[in-house]
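Each chain, letter by letter, is given below.
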Amino acid sequence: MNGLMNLRKRIIAISLFCAIFLTVQLTEATAAVMSNDIQETTAEHNWVEYSTDIKEFEVGTHEITYWKNFMRYTRTCTISHVIRTVVYYCDIHDITKSETFLEDIVHSEKHSH
Ligand SMILES: [Zn+2]
Ligand SMILES: [Zn+2]
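The following paragraphs examine the structure supplied in this document. (Residues numbered from 1 in each chain as written. Chains lettered and ligands numbered in written order. Predicted model: local features only at pLDDT ≥ 70, side-chain atom pairs only at ≥ 80, totals over all residues.)

Take the environment of Glu99 next. Among the structural elements, Glu99 can be located in strand β3 (residues 95–107). Sequence separation between Glu99 and Val86 is 13 residues; the distance between their C-alpha atoms is 5.3 Å. (Helix = DSSP H or I, 4+ residues; strand = E, 2+ residues; numbered from the N terminus.)

This paragraph deals with the pairing of β3. The side chains of a regular strand alternate, first on one face of the sheet and then on the other. β3 sits mainly on the outside: zero of its 13 residues count as buried. In this sheet, β3 lies alongside strand β2 (residues 71–90) in antiparallel orientation, the contact comprising twelve bridges. Directly across from Tyr88, in β3, lies its bridge partner Lys97. The antiparallel pairing of β2 with β3 creates a hairpin that spans four residues between the two strands, and Asp94 there sits at a positive phi of about 55°. (Buried ≥ 20, exposed ≤ 12 C-beta atoms within 10 Å, placed from the backbone. Pairing = 2+ DSSP bridges.)

Before going further, it helps to spend a moment on the environment of Glu63. For Glu63, the location among the structural elements is in strand β1 (residues 47–68). Placed eleven residues apart in sequence, Glu63 and Thr74 show a C-alpha to C-alpha distance of 6.4 Å. Look past the residues within four positions of Glu63 in its chain and what remains in contact with it is Thr74 and Thr76. (Contact = placed C-beta atoms within 7 Å.)

Printed below as a string of structure tokens:
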């Protein structure tokens, strides 16, 4: 009789364990389906301009020559790119992206090209 009770307890314990295990698996499966749903809606972004940053980068130099009082002079001109970086934020997916634009090309020396 005692042995039978023990067996019953054991079966209950095993089935409980199975039930928990199944529940966890089901929850994981549901979570996977839900994250798939989110990935399918990534086309629908709500990009909002978050910040704008303008920086100047030196990209190179070149020699310029000019005449003054019948003398030929050379000077070094520094070329810089003005780059605007815009950061966008999507509150639906809590992600950011950035885009860069070449705003201007600046020569440090005034000269004709
Ligand atoms: Zn988004
Ligand atoms: Zn120049």
